Amino acid sequence: KEATEVDGVRVLDHPRRKEDAHQFLLSTKPTATPPQIIKSCKGRLQHLLQQAVPKAFRRNFALTSLGDANRSAIEHYLTDQLGHHPVADARVAKDLQRYQLQFPDVDLSEPLFSNYGRYVYNLHLVLIHAERWRQASVGFLDHTRDRVLKVAEKKGHRLSRVAILPDHLHLTLGGAYDQSPQQIALAYLNNLAHVHGMQAVYKNGYYVGTFGEYDMN
């Protein structure tokens, strides 16, 4: 625990269910990439054991994201954003339907593979307008939607849900293995500032949480 803390990786639990495998429950700071998480936990443990066991572990690993709610609950929550945030004007409500996107071909329950491991790296990202000001013009929302899709394609993010509201947006996505949650959040913040004329549309910050097929229970 002491060794990994300096890397922004915190060991919450270490259940030993198998004699030939270690399993860790971790929380991490948003600056940590998946490879850095593996290097911190596995590499530092190997360093502590190297005198007794010079080669304690295989190169293989599995890394799976999880959170307080599971994937099904998170994706359902994004699908129902207009129900959570109703608007009085029926015309505006109809327009907003165009910015609630689902991508059925993207299955975030399926693991991906790096050279030595399998991983599920799913993020729920929320960006909020500065001062919570509301903007429901079709032109503005079109620019936001189109730039979000362009960033995801360019950065290799697997979007499963997009919910764009007048004063904030939600994304669920499979992250690129070499990108930290913070790098992913900043990619959208910076690109959305650019497409909206370099204006500080969004707050100088973000919410990001991990999720997967399991919740914390």
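Bear in mind the structure is a predicted one, so any value in this text is a computation, not a measurement.

Asker: Just give me the short version of the pairing of strand β8 (residues 158–164), but keep the residues and values in it.
Answerer: In terms of burial, β8 is a largely internal element, six of the seven residues being buried. Taken together, the three bridges between strand β4 (residues 100–102) and β8 define a ladder with antiparallel strand orientation. What sits directly across from Gln 102, in β8, is Arg 161. Pairing between β8 and strand β9 (residues 168–174): six bridges, direction antiparallel.

Asker: Quick rundown of the nonpolar core? Include the residues and the values.
Answerer: Leu 127, Val 148, Leu 159, Leu 169, Leu 171 and Tyr 188 are the most contacted members of the largest nonpolar core, which has 38 residues in total. If you list the elements that add at least two residues to this core, you get α2 (34–49), β3 (61–64), α5 (90–96), β7 (122–128), α6 (138–155), β8, β9 and α7 (181–195). Sequence-distant contacts of Leu 127, defined by excluding residues within four places in its chain, comprise His 168, Leu 169, Tyr 188, Leu 189, Leu 192, Tyr 202, Gly 205 and Tyr 206.

Asker: Report on the pattern of salt bridges, specifying residues and quantitative values.
Answerer: Inspection of the entire model under this criterion finds 12 salt bridges. The shortest N-O distance in the salt bridge between Asp 167 and Arg 134 comes to 3.9 Å. With a gap of 33 residues between them, Asp 167 in the loop between β8 and β9 and Arg 134 in the loop between β7 and α6 connect regions that are remote in the sequence. The class for Asp 167 is buried, based on a relative accessible area of 9%. Salt bridges here are not isolated pairs; linked through shared partners, they connect Arg 71, Glu 75, Arg 161 and Glu 213.

Asker: Describe the layout of surface pockets, and please don't skip the residues or the numbers.
Answerer: Here the second largest pocket is characterised by a volume of approximately 210 Å³. As for the second largest pocket, its lining consists of Pro 35, Ile 38, Lys 39, Lys 42, Gly 43, Arg 59, Phe 61, Ser 114, Asn 115, Tyr 116 and Tyr 177. Residue contributions to the lining of the second largest pocket peak at five residues, all from α2. Tallied by class, the residues present in the lining of the second largest pocket amount to five nonpolar, three polar and three charged.

What counts and what doesn't
- Residues numbered from 1 in each chain as written.
- Predicted model: local features only at pLDDT ≥ 70, side-chain atom pairs only at ≥ 80, totals over all residues.
- Heavy atoms only, no water.
- Buried < 20%, exposed > 50% of the residue type's maximum accessible area, 1.4 Å probe, protein only.
- Helix = DSSP H or I, 4+ residues; strand = E, 2+ residues; numbered from the N terminus.
- Pairing = 2+ DSSP bridges.
- Core = buried A, V, L, I, M, F, W, Y, C linked by side-chain atoms within 4.5 Å.
- Contact = heavy atoms within 4.5 Å.
- Salt bridge = Lys/Arg side-chain N within 4 Å of Asp/Glu carboxyl O.
- 1 Å grid on protein atoms, 1.4 Å probe; cavity = no way out; pocket = protein on both sides within 12 Å on 5 of 7 lines; lining within 4 Å.
- Points joined across faces, edges and corners; volume = space filled by probe spheres on them.
- Nonpolar A, V, L, I, M, F, W, Y, C, P; charged D, E, K, R; others polar.

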